[in-house]
Amino acid sequence: MCTSLGYQDAAGNSYFGRTLELTTDLPYQLAYFPIGFELVSEVPDHPALKLSSRYGALAITMPGRLPSPGAPLGISDLKVLEGLNDQGLTFSLLSYPTAAGEQKSVDVTRSILSASDLGLWALGQFATVAELKAALAKQPVMLQSLALLGGVVSPFHYVVHDASGASFVIEFDKGEMFTYDNPVGVMTNGPRFDWHLINLNNYTFLSNVDKSSSVFGAYKAVQPDSGIATAGLPASNTSVGRFVRAAYYAQFAEKAATPDLAIRTLAHVMNNFDRPKGVTIDYPEAGGGHLEVQGLAQESSESYATEFTCWTSMSDLERKLFFIRDYTSLNFVSFDLTALANLKLPAAVPLQKVTVASADVTSLLSGQAPPR
């Protein structure tokens with residue numbers, strides 16, 4: 001459903017990319033939360049947690065509840081799925097269906113952070129992974145039932161990256177919270193994150209060096225093309241396969257010489273995880289494990305579900321640049337968080353309004369003389 005990875009250029013500057021896959025498009029909002037934005041996180045039977053943002057953040061969001069005639073949606077109802085703050089910290093929410101389960105009780109006098117607010121809490125309060133880790137050790141977090149998922153308890157896990165290259169995973173598994181330093185900077189979906197790390201032990205043979213010849217008896221075999229080094233990579237789009245492929249590309253993609261080249265390199269890497277509609281399909285009777293959102297799924301005449309890449313984002317953690325494209329686009333649009341620092345009020349716009357189709361440049365050749 002989702003693939004994320006960190007990348008560094010030749011100078012050691014950090015970048016981050018991720019895709020989000022579902023079987024339907026949702027009403028994503030691109031939102032900016034300025035310094036001073038008030039976060040109010042509420043968990044039943046506990047005092048509300050109230051915090052004022054220390055840093056500005058740009059994020060892809062979803063509403064946390066269904067609107068009603070008497071209670072239309074506002075900026076405070078938007079929950080962060082993916083984002084970057086003005087200190088170079090990123091936050092990402094990825095699907096993790098086995099998150100729900102019995103949770104530890106917390107003293108009723110303590111304020112609890114709803115897991116749905118982890119994104120804005122992280123981006124609004126912290127500049128580094130180390131700061132977030134220290135705060136999380138003291139701040140209780142609790143999963144909540146989500147109205148937009150038909151009452152399903154937050155089926156997600158979370159990863160943060162900072163400009164130093166550090167990465168950290170927050171994962172609920174059967175109701176219990178686990179945290180991990182992320183030495184590979186990669187995240188997909190289930191099983192548990194520590195399982196994925198152990199599974200990498202099965203891929204120690206991987207290298208980006210093509211071994212293009214070998215001898216079998218008296219016969220010398222020669223590979224007539226380049227690219228044999230990737231033959232050992234998992235081919236499937238499963239979470240397990242994508243984790244290994246993401247670790248490979250993050251490790252071996254060329255370390256670009258400049259930040260602009262690094263973003264282009266990262267875009268090439270993320271293209272390996274871009275999924276068109278119909279490439280894999282699931283019939284309901286086969287028991288596919290897709291995350292369907294009650295009340296928001298589009299009408300379809302198809303008898304099957306097909307996951308596709310709803311959007312892909314990239315972050316330049318040093319220059320504080322955020323890039324996004326959706327399924328209808330092949331090119332990214334970008335946002336500069338340094339320029340957005342002038343905004344004093346929060347702002348949001350539907351994601352579909354900020355992604356644009358490629359321009360027609362036929363006119364560049366019209367009327368041109370042929371080359372000599």
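Residues numbered from 1 in each chain as written. Predicted model: local features only at pLDDT ≥ 70, side-chain atom pairs only at ≥ 80, totals over all residues. Heavy atoms only, no water.

**Points about the sheet that holds strand E14 (residues 167-173)**
Pairing is antiparallel in the open sheet, where 8 strands are placed in the order E15-E14-E13-E8-E7-E6-E3-E22. Both outer strands of the open sheet, strand E15 (176-181) and strand E22 (347-350), are each paired with one neighbouring strand and no more. Neighbour-to-neighbour, the strand axes of this sheet turn through a mean angle of 25°, independent of strand direction. Sheet analysis places strand E6 (residues 57-63) next to strand E7 (residues 78-85), joined by 7 bridges and oriented antiparallel. Counterpart to Ala57 in the pairing with E7 is Asn85. Its contacts with the sheet place helix H1 (residues 118-125) against strand E3 (29-33), E6, E7, strand E8 (90-95), strand E13 (156-161) and E14, and it is angled at close to 30° to E7. Along the sheet face, helix H2 (residues 129-136) touches E13, E14 and E15 and points at about 30° away from the line of E14. (Pairing = 2+ DSSP bridges. Helix = DSSP H or I, 4+ residues; strand = E, 2+ residues; numbered from the N terminus. Axes fitted to C-alpha atoms, helices over the stretch in contact; angles between N-to-C directions. Contact = heavy atoms within 4.5 Å.)

**Here's the deal with the confidence of the model for the protein**
Residues at a pLDDT of 70 or more form 91% of the protein, whose mean pLDDT is 91. Throughout residues 293-298 the model reports pLDDT below 50, and contacts reaching past four residues in sequence, or to other chains, amount to 16 contacts. (pLDDT = per-residue confidence, 0-100.)

**So, the side chain of Ser239**
Along the chain, the position of Ser239 falls in helix H4 (residues 239-252). For Ser239, the side chain forms a polar contact with the side chain of Thr188, separated by 2.9 Å. With sequence-adjacent residues up to four places away left out, Ser239 is seen in contact with Thr188, Asn189, Gly190 and His196. (Polar contact = N/O pair within 3.5 Å; in protein donor to acceptor, adjacent residues only side chain to side chain.)

**With respect to the pattern of salt bridges**
Enumeration over the complete set of coordinates arrives at 9 salt bridges. In this structure, Lys79 and Asp117 form a salt bridge, with 2.7 Å as the shortest nitrogen-oxygen distance. Of this pair, Lys79 sits in strand E7 while Asp117 sits in the loop between strand E9 (113-114) and H1; the two residues are 38 residues apart in sequence, bridging distant segments of the chain. Residue classification places Asp117 among the buried residues on the basis of a relative accessible area of 5%. (Salt bridge = Lys/Arg side-chain N within 4 Å of Asp/Glu carboxyl O. Buried < 20%, exposed > 50% of the residue type's maximum accessible area, 1.4 Å probe, protein only.)

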